[in-house]
Amino acid sequence: MVHDNHLPVAAEPRRSTELDSAEALRLLSSVSLGRVVFTRHALPTVRPVNHVLVDGHIVIRTHEGADLAAYTRQTDGPGVVVAYETDAIDPETHLGWSVVVTGYAHLVTDPGELVRYQTMLRPWVDQSMDLAVRIRPDLVTGVLLTAGGPGGV
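Residues numbered from 1 in each chain as written. Predicted model: local features only at pLDDT ≥ 70, side-chain atom pairs only at ≥ 80, totals over all residues. Heavy atoms only, no water.

Peer 1: Could you give me a rundown of the side chain of Ser-98, with the residues and numbers involved?
Peer 2: Mapped onto the fold, Ser-98 is located in strand β7 (residues 96-107). Among the polar contacts listed, one links the side chain of Ser-98 to the side chain of Glu-85, at a separation of 3.1 Å. Setting aside residues up to four positions removed in sequence, Ser-98 forms contacts with Glu-85, Thr-86, Asp-87, Ile-89, Thr-141, Gly-142 and Val-143. (Helix = DSSP H or I, 4+ residues; strand = E, 2+ residues; numbered from the N terminus. Polar contact = N/O pair within 3.5 Å; in protein donor to acceptor, adjacent residues only side chain to side chain. Contact = heavy atoms within 4.5 Å.)

Peer 1: Go over the pattern of salt bridges with me, naming the residues and quoting the values.
Peer 2: In total, this model carries nine salt bridges according to the counting rule given. The residue Asp-55 makes a salt bridge to Arg-116 at a minimum N-O spacing of 3.4 Å. Residue Asp-55 is found in the loop between β4 (52-54) and β5 (57-62), and its partner Arg-116 is found in helix α3 (residues 111-120); the two are separated by 61 residues along the sequence. A salt bridge links Arg-73 to Glu-64; the shortest N-O distance between them is 3.1 Å. (Salt bridge = Lys/Arg side-chain N within 4 Å of Asp/Glu carboxyl O.)

Peer 1: Residue-level account of the packing of aromatic side chains, with values.
Peer 2: In the structure shown here, the tally under the stated rule is one aromatic pair. Each ring, one from Phe-38 and one from Tyr-71, has its centre 5.7 Å from the other, and the planes form 35°; the classification is tilted. Taken together, the positions of Phe-38 in strand β2 (residues 33-40) and Tyr-71 in helix α2 (residues 67-73) put the pair 33 residues apart, joining distant regions of the chain. Taking relative accessible area as the criterion, Phe-38 reaches 2% and is therefore assigned buried. A relative accessible area of 13% means that Tyr-71 is categorised as buried. (Phe/Tyr/Trp six-rings, centres within 6.5 Å; stacked < 30°, edge-to-face > 60°. Buried < 20%, exposed > 50% of the residue type's maximum accessible area, 1.4 Å probe, protein only.)

Peer 1: Could you give an account of the nonpolar core, naming the residues involved and the relevant values?
Peer 2: Most often, soluble globular proteins have nonpolar side chains that are buried together. Counting residues in each nonpolar core, the largest one holds 26 residues, and the members touching the most others are Val-36, Ile-60, Tyr-84, Val-101 and Ile-135. Elements with a contribution of two residues or more to this core: α1 (21-29), β2, β5, α2, β6 (80-89), β7 and β8 (131-147). The element contributing the most residues to this core is β7, with five residues. Residues contacting Ile-60, with those up to four places away along its chain left out, are Val-36, Val-49, Asn-50, His-51, Leu-68, Tyr-84, Leu-121, Leu-131, Ala-132 and Val-133. Judged by nonpolar contacts, the second largest core, of eight residues, contains Val-54, Val-59, Leu-114 and Tyr-117. (Core = buried A, V, L, I, M, F, W, Y, C linked by side-chain atoms within 4.5 Å.)

Peer 1: Summarise the pairing of β5; cite the residues concerned and give the values.
Peer 2: Within a regular beta strand, the side chains point alternately toward one face of the sheet and then the other, so they alternate between its two faces. For β5, a buried count of five out of six residues is recorded, marking the element as mostly surrounded by other parts of the structure. Pairing between β4 and β5: three bridges, direction antiparallel. Bridge pairing in β5 links Val-52 to Val-59. In this structure, the hairpin formed by β4 and β5 is closed by a connection of two residues, where Asp-55 is found at a positive phi of approximately 50°. (Pairing = 2+ DSSP bridges.)

Peer 1: Residue-level account of the layout of surface pockets, with values.
Peer 2: Its boundaries defined by the atoms lining it, the largest pocket holds a volume of some 280 Å³. Taken together, 17 residues make up the lining of the largest pocket; nearest its centre are Arg-47, Pro-48, Val-49, Thr-62 and Met-129. Of all the elements in the fold, those that place two or more residues in the lining of the largest pocket are β2, β3 (43-50), β5 and α2. Per element, the largest residue contribution to the lining of the largest pocket is four residues, and it comes from β3. Broken down by class, the residue content of the lining of the largest pocket amounts to ten nonpolar, four polar and three charged. (1 Å grid on protein atoms, 1.4 Å probe; cavity = no way out; pocket = protein on both sides within 12 Å on 5 of 7 lines; lining within 4 Å. Points joined across faces, edges and corners; volume = space filled by probe spheres on them. Nonpolar A, V, L, I, M, F, W, Y, C, P; charged D, E, K, R; others polar.)

Dropping the structure here:
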């Protein structure tokens, strides 16, 4: 795959507008791929994953040997802190949106919930994904990038 980072970008000014949490979650639910950020060996780690929004929570599937499964298994309190980011930004115009969710993640252990999530979310890699992680959004931020004059962020 060849990437050309020298594509011309429209010369018009951009406007960055903060999104409220409801609109940010609506946009997040309109796409299926994102990136989960968690701690591995005391350093931030980012993994691309697919997701579904269920009852206000972000659900992703994973497998037994995954770092994320081990990380979310290590707590019995409120969960472990993660961030989740997704976006839809046009590579030519640089217009679109980006959403970041920060919250607590838990490994789903209820067999009924696992079956429900397995029917709702098909893995996008050819690998067994028998586990699921549920992220409770506590801090939801988003930005809309549009053509236009000054304003916003």
